[in-house]
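Per-entry structural report
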Amino acid sequence: MNWGIELWDQYDNLATHTHKGIEFLDKYGNFVKERCAIELEYAGKLRRLVKSYQPKRKEEDEYVYTSCKAFRQLLQELGDFAGQRELVAENLQSNVVRELHLLAKELREARKGHLNDGSKQMAVLSTAVGALERARRSYERAARESERALEAFQRADADLHLSRAEVEKQKMNMKLRSQACEDAKQEYMDQLRKTNEAQRQHYEQQLPHVFKQLQDLDEKRIKHIKNFMISSVDVERKVFPIIMQCLDGMEQAAKNINEKEDTQLVIERYKSGFVPPEDFRFEPATGADATDSVPAPTHNHITVRGTVSGNRIKKRGGLLSIFSSNKEDYSDLPPNQKKKKLLAKVHELTKQVGQEQAAMEGLMKMKGVYETNPTLGDPMTVEGQLNECCDKLKKLRLQLRKYEELLAEANNQVCAQPIHSINKTNGAPTQATSIGSNSGSLSRSASESSVSTGTGTNTGNTVMAVSSRAAGGSPESGLGGELAAGHAEHANGHDHDDHDHDHDDHESDFDYYYEPDLQPLGYCKALYAFEANGTGSTMRMECGEKLLVLETDAGDGWTRVRRSLTREEGFVPTTYIATTLYADVHH
């Protein structure tokens, strides 16, 4: 199949065909470009849809239910799905549209060059044919003139009245015309040979070569269109696994919906903790004496709140209503809801205390570095930040103690039993840091943790945590003896069971509280022997000895442990032990 042989006389049609082929390539490119725009528009609308249905801040409480969680997961998966559609558009743009545009430009330039070559060959052939036509006309004209000169000589030779000179003149003219005719004939034959040779070269070599180039160009265009279509399919096929993961995620989110769990969450959220009201008493229709003897039916107004009938009670509006529902002790809530709010508040304050302790540790380390090497900075630049952190930490501890007491009271109301210490939220005991504030700056002794076993009126294994591992200090630093002694002297002058002390005690140099026995988080085995420093915060251990883990390493390199038999507690280096937590064992 060769255009130069099969279509030797279809130059114009081939030129038109190749032009239409490149136009079709442009058309396909525009199609892919518009599809990219549609994909991007689709992805953009999906993202806007997901954003518009994301839970608002005021709706966060509703998203504890499994159905709401599933919807949130579905929105996330749909956002990932939109991202894959954007990826399809980007890959089509880079792998197809851009390459297709470059190919169309290249084919146009190549086609133009090939057609120019063909035009030149056509011009050469046309020139040869024109020269042949001119030689033929010259030969015909010379032949007619030679024939007329012959006829004129014959007439002159037959005319007896003409002189011999006239006859010779006609004869000479005849010979000249005859020679001119022969020359024109020879020139015509030579041009005929040249033109035929040019025509053979044109139709057998030159034009077939041009047509072959046009054929290769058109085949290249068709082949690339095929590859572009396959590439477009591959681009979309590559995102199918992730799209399927998104769809599987949506399906799994739907399967995670549990109507029983949501029902239980509704109970936990709205349960008031009150008991139903007592039966109405019979009121006899008698005189005043009977009325005095039979008490009027009483109703607990608190039981109305949170019930079906309670919804009919209209709340007071106005500016004061803004503050009426935001009491710090949550006394306006039912017992069960009050307990939940207080527990959440205790958790929040515990987390804030931990964050402030970590911040103070960093500041203390920075101050220590500056004191060791003054070229790095002035220690006094950190002093103000340390004082602010100290004050904030004390305020947070006072709030935490306040809400712990309120939570204990709420538990007594709901469960009629004492609440255990909240200091072990999420299995991590709350630590208190001792800060000396009388001097207006943070004491260096704040870097020491002091742990001692209580021997006052609270018998047993009550542990008093003082200045627990604050400010980046370590139990081994040797700075805690003086602090522990001062703390013990301060504690001996107060009754440990007296909870009615004034909160103004936070102006003292030490802030402390009591906590019951810490529950073990796991156990450990001593890899090396360790000698205590004698300050009471660290504990001696033998190589291979097994101990109970009470507090994990908080980042300072020390772990709090307990000896099972003597119930002795203290800190040991984390690198000296191999720890196994109960949570890890369960998993």
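So, on to the overall build of the protein. In terms of regular secondary structure, the protein is built from 12 helices and 8 strands. Split into buried and exposed, the 587 residues of the protein put 34% on the buried side. Long-range contacts, defined as pairs at least 24 residues apart, comprise 73% of the intrachain contacts of the protein with a sequence gap of at least 6. Total accessible area computed for the protein in this model is approximately 36,500 Å², and 53% of it derives from carbon and sulfur atoms.

Taken together, L49, Y53, F71 and L74 make up a surface patch of nonpolar side chains, about 340 Å² in accessible area. Secondary-structure assignment places Y53 in the loop between α2 (11-52) and α3 (66-158).

In this section: the pattern of salt bridges. Close approach of charged atoms lets side chains of opposite charge pair. The tally for this structure, following the rule as stated, stands at 27 salt bridges. For E133, the salt bridge is made with R136, and the minimal N-O distance between the two is 2.2 Å. Within this pair, E133 and its partner R136 are both found in helix α3, separated by 3 residues, close to a single helical turn. Assessed through its relative accessible area of 25%, R136 is described here as partly exposed. When salt bridges with common partners are traced through the structure, they connect R35, E39, R85 and E236 into a single cluster.

Time to look at the pairing of strand β5 (residues 546-551). Summarising burial for β5: 5 of the 6 residues are buried, a large majority. Relative to β5, strand β4 (residues 522-526) runs antiparallel, the two being bridged by 4 bridges. Following the sheet pairing, G522 is matched in β5 by V549. Pairing analysis gives 3 bridges linking β5 to strand β6 (residues 558-562), with the strands arranged antiparallel. Across the sheet, residue L548 finds its bridge partner in β6, namely R562. Here β5 hands over to β6 after 6 residues, with G555 in that stretch at a positive phi of 105 degrees.

When the terminal C-alpha atoms of helix α5 (residues 259-270) are compared, their 17 Å separation across 12 residues agrees well with the 16 Å that a helix rising 1.5 Å per residue should span. Measuring from the backbone nitrogen of K260 back to the side-chain oxygen at the start of α5 gives 2.9 Å, which picks out N258 as the cap.

Turning our eyes to something else, we now look at unusual backbone geometry. In this model, R567 sits at a positive phi of 60 degrees, which is unusual for a non-glycine residue. Structurally, the position occupied by R567 is in the loop between β6 and β7 (569-573).

Applying the stated criterion across every chain yields a total of 10 aromatic pairs. Taking the centre distance of 5.2 Å and the plane angle of 85 degrees together, the rings of W8 and Y203 count as edge-to-face. Remark: Y203 occurs in helix α4 (residues 164-255) and W8 occurs in the loop between α1 (3-6) and α2; sequence separation between them is 195 residues. On the numbers, 5.6 Å between centres and 75 degrees between planes, the contact of Y528 with Y576 is edge-to-face. Separated by 48 residues along the polypeptide, Y528 in the loop between β4 and β5 and Y576 in the loop between β7 and β8 (577-581) bring together distant segments of the chain.

This part covers the sheet that holds β7. Reading across from one edge, β7-β6-β5-β4-β8 is the order of the 5 strands in this open sheet, with antiparallel pairing throughout. The open sheet is flanked by β7 and β8, the only strands paired with a single partner. Pairs of neighbouring strands in the sheet enclose a mean axial angle of 40 degrees, with direction left out of account. Inspection of the sheet shows β6 paired to β7 by 5 bridges, in the antiparallel sense. Each residue of the ladder has a partner; that of T559, found in β7, is V572.

With 29 residues, the main nonpolar core has L25, V32, L92 and V96 as its most contacted residues. Residue contributions to this core peak at 13 residues, all from α3. Not counting residues within four places of it along the chain, the set of residues in contact with L92 comprises V32, R35, C36, V97, S232 and V235. Formed by 19 residues, the second largest nonpolar core is a distinct cluster that contains M360, L363, Y370 and L400.

Let's shift gears to the side chain of T66. Relative to the elements of secondary structure, T66 occurs in helix α3. According to the relative accessible area criterion, T66 is buried, its value standing at 7%. With near-sequence residues (within four places) excluded, T66 lies in contact with N256, I257, N258, E261 and D262.

Right, let's talk about a negative patch on the surface for a bit. On the surface, E182, D183, E187 and D190 cluster together into a negatively charged patch. Structurally, E182 is set in helix α4.

Glancing now at the pairing of β7. The buried count for β7 comes to 5 of 5 residues, which makes it a mostly enclosed element. On β7, burial covers both faces: E569, F571 and P573 on one face and G570 and V572 on the other are all buried. Taken together, β6 and the strand that follows it, β7, pair antiparallel across an intervening segment of 6 residues, in which R567 is found at a positive phi of about 60 degrees.

Turning our eyes to something else, we now look at the environment of A198. Of note, A198 is situated in helix α4. It is 9.6 Å that separates the C-alpha atoms of A198 and Q121, two residues lying 77 residues apart in sequence. Other than its neighbours up to four places away in sequence, A198 contacts L125 and A128.

Take M380: it is sitting in helix α10 (residues 380-415). Residues M380 and K367, 13 residues apart in the sequence, show an inter-C-alpha distance of 8.1 Å.

Bringing the packing of α5 against helix α9 (residues 335-372) into the picture now. Their axes nearest at 7 Å, the elements α5 and α9 cross at an angle of 95 degrees. As the angle between them shows, α5 and α9 are arranged roughly perpendicular. Of the residues in α9, those touching α5 at E268, R269 and Y270 are N336, Q337 and K340. Looking at side-chain class alone, the contact of α5 with α9 contains 1 nonpolar, 2 polar and 3 charged residues.

A few words now on the side chain of E77. Assignment of secondary structure puts E77 in helix α3. No salt bridge is formed by the buried E77; its nearest oppositely charged neighbour, R47, is found at 12 Å.

Calculation rules
Residues numbered from 1 in each chain as written. Predicted model: local features only at pLDDT ≥ 70, side-chain atom pairs only at ≥ 80, totals over all residues. Heavy atoms only, no water. Helix = DSSP H or I, 4+ residues; strand = E, 2+ residues; numbered from the N terminus. Buried < 20%, exposed > 50% of the residue type's maximum accessible area, 1.4 Å probe, protein only. Contact = heavy atoms within 4.5 Å. Areas by Shrake-Rupley, 256 points an atom, 1.4 Å probe, with all protein chains shown as cover. Patch = residues over 30% accessible without salt bridge, like charges linked within 9 Å, V, L, I, M, F, W, Y side chains within 5 Å. Salt bridge = Lys/Arg side-chain N within 4 Å of Asp/Glu carboxyl O. Pairing = 2+ DSSP bridges. Expected span 1.5 Å × (residues − 1). Polar contact = N/O pair within 3.5 Å; in protein donor to acceptor, adjacent residues only side chain to side chain. Phe/Tyr/Trp six-rings, centres within 6.5 Å; stacked < 30°, edge-to-face > 60°. Axes fitted to C-alpha atoms, helices over the stretch in contact; angles between N-to-C directions. Core = buried A, V, L, I, M, F, W, Y, C linked by side-chain atoms within 4.5 Å. Lys, Arg positive; Asp, Glu negative; His and termini not counted. Charge placed at Lys NZ, Arg CZ, Asp CG, Glu CD. Parallel < 35°, antiparallel > 145°, perpendicular 65-115°, else oblique. Nonpolar A, V, L, I, M, F, W, Y, C, P; charged D, E, K, R; others polar.

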